[in-house]
Amino acid sequence: MRILISLILVGLVLITSVYLLAMAPFHFYGLTLEEGVDSSYLKLEVDSENMIKGGSYEWDRVDGVFSEEQKNWKLFHFQKFEIPMPVHHPYFLVVPDLKVNYDPPRLGVKMLDSIKSLRASIHTMKDIDFILNFGSHKIFNLPAFKNYILKKDLQEIWKDIFNKDLTLEGFSILDPSIISGASYKELVYNLFILNMRKVLFPEKVQKISYFGPKNFGIVEVEFETDSIIKDNYRVEYIYILEDGIIHRLKLKTKSFDLVTEALRKRVLMQLKYKASAIEDSIQIYNEYKKLNYEQRIDQEGMIYLFAAWTHNIDNESFLREMIKFLERGINNNVHLQPLYEFAYKKYGSNYSGEDKNRKETAQKRLERKTKEELDKEIETERKRNVDNIEGSFNSDEDKIKFFLQKAKDDGGNIDDKDNILRE
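Keep in mind the model is a prediction, meaning the values are calculated, not measured.

Conventions we followed
Residues numbered from 1 in each chain as written. Predicted model: local features only at pLDDT ≥ 70, side-chain atom pairs only at ≥ 80, totals over all residues. Heavy atoms only, no water. Helix = DSSP H or I, 4+ residues; strand = E, 2+ residues; numbered from the N terminus. Expected span 1.5 Å × (residues − 1). Buried < 20%, exposed > 50% of the residue type's maximum accessible area, 1.4 Å probe, protein only. Contact = heavy atoms within 4.5 Å. 1 Å grid on protein atoms, 1.4 Å probe; cavity = no way out; pocket = protein on both sides within 12 Å on 5 of 7 lines; lining within 4 Å. Points joined across faces, edges and corners; volume = space filled by probe spheres on them. Pairing = 2+ DSSP bridges. Salt bridge = Lys/Arg side-chain N within 4 Å of Asp/Glu carboxyl O. Phe/Tyr/Trp six-rings, centres within 6.5 Å; stacked < 30°, edge-to-face > 60°. Axes fitted to C-alpha atoms, helices over the stretch in contact; angles between N-to-C directions. Parallel < 35°, antiparallel > 145°, perpendicular 65-115°, else oblique. Left-handed = near helix turned anticlockwise from the far one by under 90°. Nonpolar A, V, L, I, M, F, W, Y, C, P; charged D, E, K, R; others polar.

> I'm lost on helix α8 (residues 278-289) in this one. Help?
Residue pairs spaced three or four apart in an α-helix point in one direction, given the helix's 3.6 residues per turn. Taking 1.5 Å per residue as the helical rise, α8 with its twelve residues ought to reach 16 Å, and the 18 Å between its terminal C-alpha atoms agrees with that figure. Residues of α8 that are buried: Asp280, Ser281, Ile284, Tyr285, Tyr288 and Lys289. Where α8 is buried, its residues touch β3 (73-78), α9 (293-296), α10 (299-309) and α11 (317-328).

In structure tokens:
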């Protein structure tokens with residue numbers, strides 16, 4: 001009898017040990033999600049539970065309905081993206097916003113309302129290589145786990161980075177059903193997804209989402225402000241995967257606002273990746289040249305030139321022309337100030353044609369004065385030649401025919417002098 005009891009006890013101990021051993025990875029996994037881990041096999045900090053949860057993207061539910069006509073918007077090829085911009089919108093004022101302290105410079109626009117209050121902004125961000133980051137973590141590099149991860153489709157991994165919820169709902173060490181619910185390999189894969197999020201995402205993540213209709217990843221981050229009210233704006237990083245490269249945009253929108261919510265939906269639904277080349281600037285510039293004069297000196301012409309410039313950012317002529325034409329318009333100071341500031345920081349001159357607004361370094365002033373003197377000499381010589389020609393005509397009719405033909409040969413359009421692509 002004693003032998004039987006002893007055997008039963010030994011059996012219970014063995015069964016309990018095997019059970020606890022089987023449950024140990026789940027316990028370790030749960031602790032990792034709660035507290036992080038620092039071991040020879042895995043070093044992973046978890047500073048926010050927001051990094052653990054993923055899911056499908058959800059729209060804000062703002063009371064009311066707002067609709068508008070498509071004619072208020074136009075798609076522009078802006079750097080590596082095709083983005084809808086409000087060109088004829090009665091509500092939004094589009095203002096350039098340039099961050100010169102980044103490499104490459106971050107280009108974007110602010111969208112202001114009638115009282116110059118910020119409603120939304122869009123900025124390009126630096127690209128990231130989409131690489132499966134096994135790093136120095138031994139657990140990910142163990143053959144069984146590494147092969148399990150590598151066998152997964154890259155699109156599945158991409159979706160899981162944004163969509164997968166890594167929590168073990170209702171986990172209890174007394175519940176053996178958890179063992180059948182997830183394999184050890186899947187637990188390691190989940191930790192790999194968490195590590196990828198740490199590598200790819202910025203700090204202070206608020207929410208991770210997957211936007212299925214466009215295969216975008218969207219990461220909402222905390223809006224930094226000195227204001228007591230923290231929910232004035234929503235800041236989202238949009239991740240677009242194309243040929244192994246992650247292209248990113250930063251979208252900032254006013255919260256709880258019907259018009260801005262409609263803008264956010266339009267941007268997300270119409271946004272797409274589009275490769276950029278210097279030749280694209282020529283196509284956009286040719287469209288700009290088709291605008292009438294009133295459109296060129298308004299924000300519509302500015303958006304065309306701005307979009308063209310994003311494909312050839314080292315061509316300062318686009319900046320000069322934007323500034324020149326905006327200065328000819330009315331009430332364009334809000335558009336001009338960011339262009340002035342960027343041009344001066346990057347090139348040493350704000351390229352203003354107005355003496356009261358001009359700001360330039362001594363070197364740029366010397367270059368400008370030298371060019372003005374040269375242009376003056378050329379114009380003087382041209383007039384001298386014209387005067388000589390005028391004296392050689394037999395009649396006024398011959399003179400008129402000569403100058404009409406000359407105007408035809410020169411193109412006959414005074415706007416051609418502004419063609420920056422000839423520079």
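> I tried to follow the layout of surface pockets on my own but got confused; where do I start?
Summary: where empty space remains is shown by rolling a probe the size of a single water molecule over the atoms. Roughly 430 Å³ of internal volume is contained in the second largest pocket. Breaking the lining of the second largest pocket down by element, the ones donating at least two residues are β5 (93-99), β6 (106-112), β7 (118-124), β11 (233-242) and β12 (245-254). It is β7 that provides the largest number of residues to the lining of the second largest pocket, a total of three residues.

> Looking at this structure, how should I read the pairing of β11?
One face of the sheet, then the other: side chains in a regular strand alternate in exactly this way. Counting buried positions along β11 gives nine out of ten residues, so the element sits mostly inside the fold. In this structure, strand β10 (residues 216-221) lies alongside β11, joined through five bridges in antiparallel fashion. Bridging across to β11, valine 219 finds its partner in tyrosine 237. The antiparallel pairing of β11 with β12 creates a hairpin that spans two residues between the two strands, and aspartate 243 there sits at a positive phi of about 55°.

> How should the pattern of salt bridges be read in this particular structure?
Charged atoms that come close allow side chains of opposite charge to pair. Considering all chains together, one arrives at 21 salt bridges under this definition. Put simply, glutamate 316 and lysine 364 hold a salt bridge, and the shortest N to O gap is 3.8 Å. With a gap of 48 residues between them, glutamate 316 in the loop between α10 and α11 and lysine 364 in helix α13 (residues 362-390) connect regions that are remote in the sequence. Residue classification places lysine 364 among the buried residues on the basis of a relative accessible area of 17%. Between arginine 368 and glutamate 372 there is a salt bridge, with the nearest N and O atoms lying 3.0 Å from each other. Here arginine 368 and its partner glutamate 372 are both found in helix α13, four residues apart, which amounts to about one turn of the helix. Connected through shared salt-bridge partners, Lys152, Glu156, Lys164 and Glu186 make up one network.

> Any chance you could explain unusual backbone geometry here in plain terms?
Most peptide bonds are trans, and most residues other than glycine sit at a negative phi. Even without being a glycine, glutamine 79 presents a positive backbone phi close to 55°. We note that phenylalanine 256 has phi near 55°; this positive angle belongs to a residue other than glycine. Considering the arrangement of structural elements, one finds phenylalanine 256 in the loop between β12 and α7 (258-270).

> For this particular structure, what's the right way to read the packing of aromatic side chains?
Two aromatic rings, taken as a pair, are described by how far apart their centres are and by the angle between their planes. Within this structure, the stated rule accounts for 24 aromatic pairs. Summarising the aromatic geometry, the rings of phenylalanine 140 and phenylalanine 192 are spaced 5.5 Å apart at their centres and angled 85° between planes, so their arrangement reads as edge-to-face. With phenylalanine 140 in helix α2 (residues 138-141) and phenylalanine 192 in helix α6 (residues 184-200), the pair connects residues that are 52 residues apart, well separated along the chain. For the pair shown, phenylalanine 140 and phenylalanine 192 are each scored as buried.

> Got a minute to help me understand helix α12 (residues 333-347) in this structure?
For α12, built from 15 residues, the straight-helix expectation of 21 Å at 1.5 Å per residue is met to within 8% by its first-to-last C-alpha distance of 20 Å. Residues of α12 that are buried: His335, Leu336, Pro338, Leu339, Tyr340, Phe342, Ala343 and Tyr347. Looking one or two residues past α12, glycine 348 carries a phi angle of roughly 85°, positive in sign.

> Before we go on, may I ask you to explain the pairing of strand β4 (residues 81-86) in this structure?
Counting buried positions along β4 yields six of six residues, so the element is predominantly enclosed. Sheet topology note: the β3/β4 ladder contains six bridges and is antiparallel. Counted as the bridge partner of leucine 75 is proline 84 from β4.

> Help me understand the packing of α8 against α10, please; the structure alone is not making it clear to me.
Two quantities define a packed helix pair, namely the angle between the axes and the distance from one axis to the other. Here α8 crosses α10 at 165°, and the two axes come no closer than 8 Å. With respect to α10, the axis of α8 lies roughly antiparallel. Considering only the axes of α8 and α10, their crossing is left-handed. In this structure, α8 contributes Ser281, Ile284, Tyr285, Glu287 and Tyr288 to the contact, and α10 contributes Gly301, Tyr304, Leu305, Ala307 and Ala308.

> What should I look at first to understand the packing of α8 against α11 in this one?
At a minimum axis distance of 14 Å, the contact between α8 and α11 shows a crossing angle of 15°. Accordingly, the angle class assigned to the pair α8 and α11 is roughly parallel. In this structure, the crossing between α8 and α11 has a hand that is left-handed. Packed against α8, whose contacting residues are Ser281, Tyr285 and Tyr288, the element α11 presents Phe318, Glu321 and Phe325 at the interface. Here the contact of α8 with α11 is built from residues that sort into four nonpolar, one polar and one charged.

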